[in-house]
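Summary of the model geometry
Residue-level listing of the chains:
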Amino acid sequence: MPEHSITVTVKLFAAYQEAYGVTDLVLDFPSGTPVSALLDRVISEQPQLQQWRNITRFGVNLQFVEPDTILQSGDEVALIPPVSGG
């Protein structure tokens, strides 16, 4: 039986946006993938983001979620590192 995949849109902010040079990504994952695995993939593609791993918050469909939240196809995921400014 083939493994199902899901497609999610990742909204990038602050350091994530700077690293990729775009505001969002569209990524495919196996079904059952948690938000934390999405972050693992992003950091594997952009290793300079490692410093933000433990302090990034996650939003899925405009709601803050825990890293173990399972993604669904069509979800919009926001990676939100700490930001400052005035």
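Every residue gets a number counted from 1 within its own chain, in the order that chain's sequence is written. With pLDDT at 70 or above as the cut-off, local features in this predicted model cover only qualifying residues; side-chain atom pairs require 80 or more to be listed or tallied, and sums for whole chains, interfaces and linings still use all residues. Working from all heavy atoms in the structure, the side-chain values ignore hydrogens and water.

Focus on the pairing of strand β1 (residues 5-12)
The cut-off we apply is this: Remark: exposure states derive from per-residue accessible area (1.4 Å probe, protein chains only) relative to the maximum for the residue type, with buried under 20%, exposed over 50%, and partly exposed in between. Helix and strand labels come from DSSP, where a helix needs a run of H or I of at least four residues and a strand needs a run of E of at least two; each type is numbered from the N terminus. Strands qualify as paired when DSSP identifies two bridges or more between them.
Residues I6, V8, V10 and L12 line the buried face of β1, whereas the alternating positions S5, T7, T9 and K11 sit on a face that is not buried. In the sheet, β1 pairs with strand β5 (residues 76-80) via 4 bridges, with the strands oriented parallel. Note that in β5 the partner of L12 across the bridge is L79.

Some thoughts on the confidence of the model for the protein
Low pLDDT means the predicted atomic positions in that stretch should not be read closely. Formally: Confidence of the predictor at the level of single residues is captured by pLDDT, which takes values from 0 to 100.
Put simply, the protein has an average pLDDT of 93, and 93% of its residues get 70 or more. The secondary structure element of the protein with the lowest average pLDDT is helix α1 (residues 14-20), at 95, and the one with the highest is strand β2 (residues 24-30), at 98.

Observations concerning the sheet that holds strand β4 (residues 63-65)
Hydrogen bonds along the backbone pair up the strands of a sheet, which may run parallel or antiparallel. For the record, the criterion: Between the N-to-C directions of two axes lies an angle of 0 to 180 degrees, each axis being a line fitted to C-alpha atoms and, for a helix, fitted only over the stretch in contact. We call two residues contacting when some pair of their heavy atoms lies within 4.5 Å.
Strand order across the open sheet formed by 5 strands is β2-β1-β5-β3-β4, with mixed pairing between neighbours. In this open sheet, the two strands that pair with only one neighbour each are β2 and β4. Within the sheet, the average angular offset between the axes of one strand and its neighbour, ignoring direction, is 35°. Of the pairings in the sheet, the one linking strand β3 (residues 57-60) to β5 comprises 4 bridges and is antiparallel in character. Looking at the pairing, G59 lines up with A78 of β5. The strands that helix α2 (residues 35-45) touches are β1, β2, β3, β4 and β5; relative to β2, the one it contacts most, it runs at about 120°.

Brief notes about α2
Short version of the rule: As used here, the arc belongs to the directions running from the helix axis to the C-beta atoms.
Listed as buried for α2 are V35, L38, L39, V42 and I43. Down the axis, α2 shows its buried residues gathered within 130° of arc, on one side only. Buried residues along α2 sit against β1, α1, β2, β3, β4 and β5.

Observations concerning the side chain of Q46
Tracing the backbone through its elements, the reader meets Q46 in the loop between α2 and β3. Sequence-distant contacts of Q46, defined by excluding residues within four places in its chain, comprise A19 and Y20.

Some words on the pattern of salt bridges
For clarity, the threshold we go by: We count a salt bridge whenever a side-chain nitrogen from Lys or Arg sits within 4 Å of a carboxyl oxygen from Asp or Glu.
The tally for this structure, following the rule as stated, stands at 3 salt bridges. Between R53 and D40 there is a salt bridge, with its nearest N and O atoms 2.5 Å apart. Taken together, the positions of R53 in the loop between α2 and β3 and D40 in helix α2 put the pair 13 residues apart, joining distant regions of the chain. By relative accessible area, which is 25% here, R53 ends up partly exposed. Accessibility expressed as a relative area gives 40% for D40, which makes it partly exposed. A salt bridge links R41 to E45; the shortest N-O distance between them is 3.3 Å. Pair noted here: R41 and E45 are both in helix α2, with a separation of 4 residues, about one helical turn.

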